[in-house]
2 protein chains.
Amino acid sequence: MKVGFIGLGIMGSGMAGNILKAGFPLTVYNRTRGKAEPFEKLGARVVNTPEEVARQSDVVLSIVTDAPDVEQILYGEHGIVKAEKKGLIFVDMSTNSPDFALETYSQLKERGIRFLDAPVTGGDKGAKEGTLTIMVGGDEDVFKQVEPVFKAMGKNVIYVGSAGKGQALKLCNQVVIALDMVAVVEALQLSRSMGIEDEKLFSMLSSGAGNSFTVQYYMPKIMKGDLEPGFKSWHLKKDLKYVDDVASKRSIPMPATSLTLQLYSALVANGLGEKGTQSLIKLYDKLVGK
Amino acid sequence: MKVGFIGLGIMGSGMAGNILKAGFPLTVYNRTRGKAEPFEKLGARVVNTPEEVARQSDVVLSIVTDAPDVEQILYGEHGIVKAEKKGLIFVDMSTNSPDFALETYSQLKERGIRFLDAPVTGGDKGAKEGTLTIMVGGDEDVFKQVEPVFKAMGKNVIYVGSAGKGQALKLCNQVVIALDMVAVVEALQLSRSMGIEDEKLFSMLSSGAGNSFTVQYYMPKIMKGDLEPGFKSWHLKKDLKYVDDVASKRSIPMPATSLTLQLYSALVANGLGEKGTQSLIKLYDKLVGK
């Protein structure tokens, strides 16, 4: 199976690397060509348009920021649909709204292209190490075809159901990671205000009912003042907005998630959108005039 | 060191059992005497008042619900202070406000009684297995004397600092466990509304950045409809109110914790105070008319 990969950012470069390691013939494209060139040395073909990726591939995976980027890849001047390749499989591994996934599925079906939504979780570390969790929506027969490629990138590949369901499950993940971050940040603000050393808070949370991936992975970064992304604040804000839209459409009240969207909006407004999600601590510092 | 123990509820019975196992001579008292009697067979002395516990002991530990219970134990008709035992150490292992701990420390000091605040985390499971985390505030020399008894009950014993600091650190824990629960509950509501099986949400959260003690321990209970406490909703509501008071006093905004206090207030108002904290899912069900 010839694989194409579009979007070689923090996540995509690790994922494409693992596809190569697993022995799939790979064609890559990135808007900024410089990021694609290292893959040439590793044996990938580097091309100049999504259209060329489609011509060289049986399945094209993309991981970009947002729905407009996906639309550009598909329908832009040298977009994938220009290749007019019946039977091509296109997989969007970006986090997008379930409604967008459903719409894309239908639009591509009309052109003879099969679509899967397959967002991931596990961060840059999981992308590099091939330990991502991948949540897939779309037709099951198409999923089965692409499954070996997913397994090259992830240790937990979940077929969730029909088109849009991969995105739907991913949004549930974003709810949890966002609120787990708020939990750590509010606890830190409280403990610092009472003169408790961060290390004691960390020791307690690590050893008891407060333990979480967020405590283990992000809290030490906050303690060191390291705000570099893993996962960028404005990306989380975008995802929480999708949650808000989806939940509101179904009249599902999600008061804490909604509040968290407001907090991340404020964080982006304060110029911290490009920093990691753990930079939420800076918003709380601002709230107390630090 | 002769140990006294007051309060043989879900937590206390496990903890007192581990003190006995470690070989300390033990005297116990419980308001409902029936809960104390099993300890007689295990070699403990069962008495009828806190005053008698004090007479028999070098250190008295208590774990009860709230500040008024602690005041009753200390200053009630047959309370501990009636024993007039200079040099006695009294340890409150209940979760209470840091201000209450500080006040108790001062009041007991005047009577020649040394005080430690030493709340715990780790749940009924940790109490039974002797794997609690114990956070201690008070004078360090007193902490050193009681440390062997703490080690019989907990695997992580943290001396946090002066009187009240044990409670202060415990409140930070409650912030995290409360918000981690809200995270799981809102994610479940969203995923269910989109027709995703609970097992798929659990698989994703378990294997990625959304993992937490709450996911591992409480989410399976929610999935089975098991609302029995571990930790009762109205106890968490009480603790979140302490957080609210402490934070407000110091002008530390904690918007998400404050919202969570409102949610647990609503849960108690709906008659679910005696159920476990995971019963929050029922409030969300009510919000959507289920």
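Residues numbered from 1 in each chain as written. Chains lettered and ligands numbered in written order. Predicted model: local features only at pLDDT ≥ 70, side-chain atom pairs only at ≥ 80, totals over all residues. Heavy atoms only, no water.

1. A word on helix α12 (residues 233-249) of chain A
Using the following cut-off: Where helices and strands are cited, they refer to DSSP runs of H or I of at least four residues and of E of at least two residues respectively, numbered from the N terminus. Helix span, expected: 1.5 Å multiplied by one less than the number of residues in the helix. Summary of the burial criterion: residues with accessible area below 20% of their type's maximum are buried, those above 50% are exposed, and those between are partly exposed, where the area comes from a 1.4 Å probe applied to protein chains only. Residue contacts follow a heavy-atom distance rule, with two residues in contact if any of their heavy atoms lie within 4.5 Å.
Here α12(A) contains 17 residues, and its C-alpha end-to-end distance of 24 Å stays within 8% of the 24 Å for a straight helix at 1.5 Å per residue. Of all the positions in α12(A), only A:Ser233, A:His235, A:Leu236, A:Lys238, A:Asp239, A:Leu240, A:Tyr242, A:Val243, A:Val246 and A:Ala247 are classed as buried. The elements touched by buried residues of α12(A) are α4 (67-75), α5 (98-110), α8 (165-193) and α13 (255-269) of chain A together with α8 (165-193) of chain B. Once α12(A) ends, the next one or two residues include A:Ser251, with phi positive near 55 degrees.

2. Some points on the relation of the copies chain A and chain B
For clarity, the cut-off: Copy-to-copy superposition: least squares on the C-alpha atoms, limited to residues that have pLDDT of at least 70 in both copies.
You can overlay chain A on chain B at an RMSD of 0.0 Å; the transform is a turn of 180 degrees with a shift of 0.0 Å along its axis. Expressed as a symmetry operation, the mapping of one chain copy onto the other fits a two-fold axis. For chain A, the smallest separation between a C-alpha atom and the rotation axis is recorded for A:Ser212, amounting to 1.9 Å. Same-surface contact between copies: 100% of interface residues of chain A are shared with the interface of chain B.

3. Structural notes on the domain arrangement of chain A
Residues and elements named next belong to chain A. So the rule is basically this: Where each domain starts and ends comes from a domain assignment, either automatic or drawn from a database. Note on terms: buried area is the combined drop in 1.4 Å-probe accessible area of two parts once they are placed together, counting the loss on both.
The domains assigned to chain A are domain 1 (3-162) and domain 2 (168-287). Spacing between the C-alpha centres of domain 1 and domain 2 amounts to 28 Å. At the interface, 17 residues of domain 1 touch 15 residues of domain 2. Taking both sides of the interface into account, the surface hidden between domain 1 and domain 2 amounts to around 1,400 Å²; carbon and sulfur atoms contribute 61%.

4. Thoughts on the pairing of strand β4 (residues 59-62) of chain A
Residue and element names in this part refer to chain A. Heads up, the condition is: Two strands pair under a simple rule: DSSP has to find at least two bridges between them. The definition of a right-handed crossover adopted here requires that, viewed with the strands pointing away, the path from the first strand over the helix to the second runs clockwise.
Here β4 shows two buried faces, one formed by Val59 and Leu61 and the other by Val60 and Ser62. Note: strand β1 (residues 3-6) against β4, four bridges, orientation parallel. Across the sheet, Val3 pairs through a bridge with Val59, a residue of β4. Across four bridges, β4 lies against strand β5 (residues 89-92) in parallel orientation. Note that in β5 the partner of Ser62 across the bridge is Asp92. What joins β4 to β5 is α4, and the crossover it makes is right-handed.

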